[in-house]
2 protein chains.
Amino acid sequence: MATLMDVARAAGVSKATASRALQRPELVAEATRLRVLDAAQRLGFHPNAAARALTTGRTGLVGLVVPTLSNPFFAPLVMGAQQTAEKTDHHLLIAVSEYDPTREAELADRLAEQADGLIMVTPVGTDTALRERARRFPLVLVDRQVGRLPAVVADTATGLAQLMDHLLDQGHRDIAYVSGPAGSWADGQRSAILTERAEQAKARLRVLGPLPPTFDAGIEAARALPRDATAVLAYNSYLTLGLLHGLAAANRRVPEDVSLAAADDLSSLRSTTPPVTALDVPVEEVGALAVTRLIDLLAGRHVTVTSRLPSRPVLRASTAPPAASAHR
Amino acid sequence: MATLMDVARAAGVSKATASRALQRPELVAEATRLRVLDAAQRLGFHPNAAARALTTGRTGLVGLVVPTLSNPFFAPLVMGAQQTAEKTDHHLLIAVSEYDPTREAELADRLAEQADGLIMVTPVGTDTALRERARRFPLVLVDRQVGRLPAVVADTATGLAQLMDHLLDQGHRDIAYVSGPAGSWADGQRSAILTERAEQAKARLRVLGPLPPTFDAGIEAARALPRDATAVLAYNSYLTLGLLHGLAAANRRVPEDVSLAAADDLSSLRSTTPPVTALDVPVEEVGALAVTRLIDLLAGRHVTVTSRLPSRPVLRASTAPPAASAHR
DNA sequence: TTGTACGCGTTATCAT
DNA sequence: ATGATAACGCGTACAA
């Protein structure tokens, strides 16, 4: 590998000038700049990342800790993050925690040693652990709010409330919420806002769960679903898919007997029978914004605390007014 | 951040001894070893990754270039890779090429500067570019074979041939293959082996495509499917899902009118109506093995050239003997 | 505008 | 068994 010294020699200048010609062209005479550039080109010079990191204190790496990749929710998140990272000459250092707090903690700390900062999407893991971590290095939280720590959240709660309102408008008065993993922050937010809405509208809300966010759990949930509930909201698409199958198996038609909607929107929901009403969550933007926020943080800019990205309902055929009551 | 120098001072030894106590304990007296370890502990010492990389020439990072993450095929691949990387104290540097050869080339080269080696899953991209890259740094290919370059492939071709044999056994004599992206290496392998099998069995094989591996393309393919084909094999699950819907829309029942099978197996295929016969591909193992291979390469061990992981058919309700002919 | 010289934190070599 | 010291490759005060 050609080093800066090699380039300098080939161009007949000192290391310092060579470095400047490449990093701060404006500080160097046009003629020498060209000589250096040419030499660098010829020798195929690439600055050694480790050496640069050592002097600058910057690695150009952004750590990203996600609970899993099997859940299609995270694919667009990572892609959004990667695209934005790329634009600012950064790379993505990725780690999968598999929802294990211990593992997550260890991975996060080890990633942080190699990266300039961390983005964590951590539905599990304690507030205090996150606070402490944020003190040690630049940290941006995703879909989670802890005090005033920098965070980017997809505002599913508000979107879900709109979905709830839609159901209420259609005349539903007995609604079930199939909740997600125990202790999930996002799930807590959703339950809370749904309960509030139900009370306001004097409707009944029954919460099933907590449940693992899986297809199979959805099938179970369909079995446990009260017969008199006329609509079901589910924590995510997997549970929803499971519910769809479970309800079919139990001969409860969607939407004639019961309406169904999901609090996120994987592409498959639009191609089920019937297509399922869902929440369009700007996942890719969340990933992108998280990187932007982190880079701002690194640059010393510390503007917003929590960035909130709106989600909105996508109405499909799985929701309809309940059979007994007309549209009010 | 506490440096090695700080630890050395606190323990009353030299930098060299401190370093040895931590990296090569056997070279140091028990008593001093304990003093150093204790000091390191107290000061919360973590070796600076950049400095270490500078002297050792190793970053502890493994680069991974994938075409996309939207395709659920890659999630388990990355997770398998990450788990194995973790076991050997490595981290994953990830980049998404989005099937763009230019972008891929640039990302790969930039990743390589920060990583000890690269794993590339690159259905596009030319052989020569890959050869040249492999000369410059340790490289492991996934699902692609280029000369004698180190590679890990899921042997879908053989599995697909078994699937084909199954169809032939069932009596199908007019089979369609809905092929994947133009220029895809894996797709080429599959077409070739299917053609060969068809000739042997004196059956007719019609290849549709090349097609983008998407749900929508599958719907189109259903429309273009010859009426007299009694069975369809598709490049991947997306196309298969699309076919399933397209066939239903065209009132062609599966499997009564036409059998359907996929050359990979995303979880959703088992919960469609009917469940679809597919190929179980050990994707996670592929990712894991790719990392193992790369690390072996870094250690100077260069054993196998191409590692081949078997895939096998999972028979479900979507395949049955053709209506007109009995099982032979 | 350019060059000299030092520091970043670690590992490795060579003495002692 | 331990210590002094030289790399590793780069950026950047400071001097000229």
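Residues numbered from 1 in each chain as written. Chains lettered and ligands numbered in written order. Predicted model: local features only at pLDDT ≥ 70, side-chain atom pairs only at ≥ 80, totals over all residues. Heavy atoms only, no water.

In the annotation of an unreviewed UniProt entry, the entry for chain A reads LacI family DNA-binding transcriptional regulator, and the organism field reads Streptomyces aureus.

## Let's talk about the domain arrangement of chain A
Residues and elements named next belong to chain A. Each assigned domain of chain A is listed with its residue range as follows: domain 1 (4–56), domain 2 (61–154 + 283–305) and domain 3 (157–280 + 313–326). The gap between the C-alpha centroids of domain 2 and domain 3 is 30 Å. Across the contact, nine residues belong to domain 2 and six residues belong to domain 3. Of the roughly 640 Å² buried where domain 2 meets domain 3, counting both sides, 60% is carbon and sulfur surface. Between the two partners, domain 2 and domain 3, sit zero salt bridges. (Domains from an automatic or database assignment. Contact = heavy atoms within 4.5 Å. Buried area = accessible area lost by both parts, 1.4 Å probe. Salt bridge = Lys/Arg side-chain N within 4 Å of Asp/Glu carboxyl O.)

## Thoughts on unusual backbone geometry
Residues and elements named next belong to chain A. Residues valine 254 and proline 255 are joined by a peptide bond in cis, for which omega reads 5°. Mapped onto the secondary structure, proline 255 falls in the loop between helix H11 (237–249) and strand S9 (259–262). At lysine 202, a position not held by glycine, the phi torsion is positive, near 50°. Tracing the sequence through the fold places lysine 202 in the loop between helix H9 (185–200) and strand S7 (204–208). According to the relative accessible area criterion, lysine 202 is exposed, its value standing at 74%. (Helix = DSSP H or I, 4+ residues; strand = E, 2+ residues; numbered from the N terminus. Buried < 20%, exposed > 50% of the residue type's maximum accessible area, 1.4 Å probe, protein only.)

## As for the protein's contact with DNA strand D
Neighbouring DNA strand D are 27 residues; Leu4, Lys15 and Thr55 of chain A together with Thr17 and Arg20 of chain B lie closest to it. Backbone atoms, meaning sugar and phosphate, make up 59% of the atoms of DNA strand D lying within 4 Å of the protein. Residue asparagine 48 of chain A places a main-chain N or O atom 3.3 Å away from a phosphate oxygen belonging to DNA strand D. Between DNA strand D and arginine 20 of chain B, the relevant distance is 2.8 Å, taken from a base nitrogen to a side-chain nitrogen or oxygen of the residue. Going through the elements one at a time, helix H2 (15–23) and helix H4 (49–56) of chain A together with helix H2 (15–23) and helix H4 (49–56) of chain B are the ones with two or more residues in the surface near DNA strand D. Of the residues belonging to the surface near DNA strand D, the class tally is 12 nonpolar, nine polar and six charged. (Near = heavy atom within 4 Å. Polar contact = N/O pair within 3.5 Å; in protein donor to acceptor, adjacent residues only side chain to side chain. Nonpolar A, V, L, I, M, F, W, Y, C, P; charged D, E, K, R; others polar.)

## Some details on the interface of chain B and chain A
If you look at the interface, chain B gives 39 residues, while chain A gives 39 residues. Interface area for chain B against chain A, summed over the two sides, is near 3500 Å², with a carbon-plus-sulfur share of 56%. At the junction of chain B with chain A, the criterion picks out four salt bridges. The salt bridge partner of aspartate 89 of chain A is arginine 110 of chain B, with a shortest N-O separation of 3.0 Å. Scanning the region where chain B abuts chain A turns up 12 residue pairs in polar contact (both at pLDDT 80 or more). Broken down by secondary-structure element, the contributors of at least two residues to the side of chain B that touches chain A are H4, helix H5 (74–87), strand S2 (91–96), helix H6 (101–114) and helix H10 (215–224) of chain B. Taken together, the residues of the side of chain B that touches chain A sort by class into 19 nonpolar, 12 polar and eight charged. Pairing of strand S2 (residues 91–96) of chain A with S2 of chain B involves three bridges; the strand directions are antiparallel. By the bridge assignment, isoleucine 94 of chain A is partnered in S2 of chain B with leucine 92 of chain B. (Pairing = 2+ DSSP bridges.)

## Some details on the UniProt feature "domain: HTH lacI-type" (unreviewed entry) in chain A
If you check UniProt for "domain: HTH lacI-type" (unreviewed entry), the listed places come out as residues 2–56 of chain A in our numbering. For residues 2–56 of chain A, helix accounts for 71% and strand for 0%, while the C-alpha atoms at its two ends are 20 Å apart. (UniProt positions renumbered as here; feature names shortened; annotations may be inferred.)

## A short note on helix H11 (residues 237–249) of chain B
All names here are of chain B. Look at H11: 18 Å from first C-alpha to last across 13 residues, which is about the 18 Å you get at 1.5 Å a residue. For H11, every residue scored as buried is listed here: Ser237, Leu239, Thr240, Leu241, Gly242, Leu243, Leu244, Gly246 and Leu247. Contacts made by the buried residues of H11 are with strand S6 (174–178), H10, strand S8 (231–234) and strand S9 (259–262). The opening residue of H11 is asparagine 236, an N-cap whose side-chain oxygen sits 3.2 Å from the backbone nitrogen of tyrosine 238. Where H11 ends, the next residue or the one after it, asparagine 251, has phi of about 60°, a positive value. (Expected span 1.5 Å × (residues − 1).)

## Some words on the pairing of S7 of chain A
Bridging between strand S6 (residues 174–178) of chain A and S7 of chain A involves five bridges; their strand directions are parallel. Note that in S7 of chain A the partner of tyrosine 177 of chain A across the bridge is valine 207 of chain A.

## Regarding the relation of the copies chain B and chain A
Superposing chain B onto chain A takes a rotation of 180° plus a shift of 0.0 Å along the axis, which leaves an RMSD of 0.2 Å. Both copies are brought into coincidence by an operation consistent with a two-fold rotation axis. Of all interface residues in chain B, 100% are interface residues in chain A too; the two copies therefore contact each other through one and the same surface. (Least-squares fit on C-alpha atoms with pLDDT ≥ 70 in both.)

## Points about the packing of aromatic side chains
The geometry of an aromatic ring pair comes down to the distance between the two centres and the angle between the two planes. Residues and elements named next belong to chain B. Here the structure, examined in full by the defined rule, presents two aromatic pairs over all chains. Measuring from ring centre to ring centre gives 5.1 Å for phenylalanine 73 and phenylalanine 74, while their planes differ by 85°; the resulting arrangement is edge-to-face. For the pair shown, phenylalanine 73 and phenylalanine 74 are each scored as buried. (Phe/Tyr/Trp six-rings, centres within 6.5 Å; stacked < 30°, edge-to-face > 60°.)

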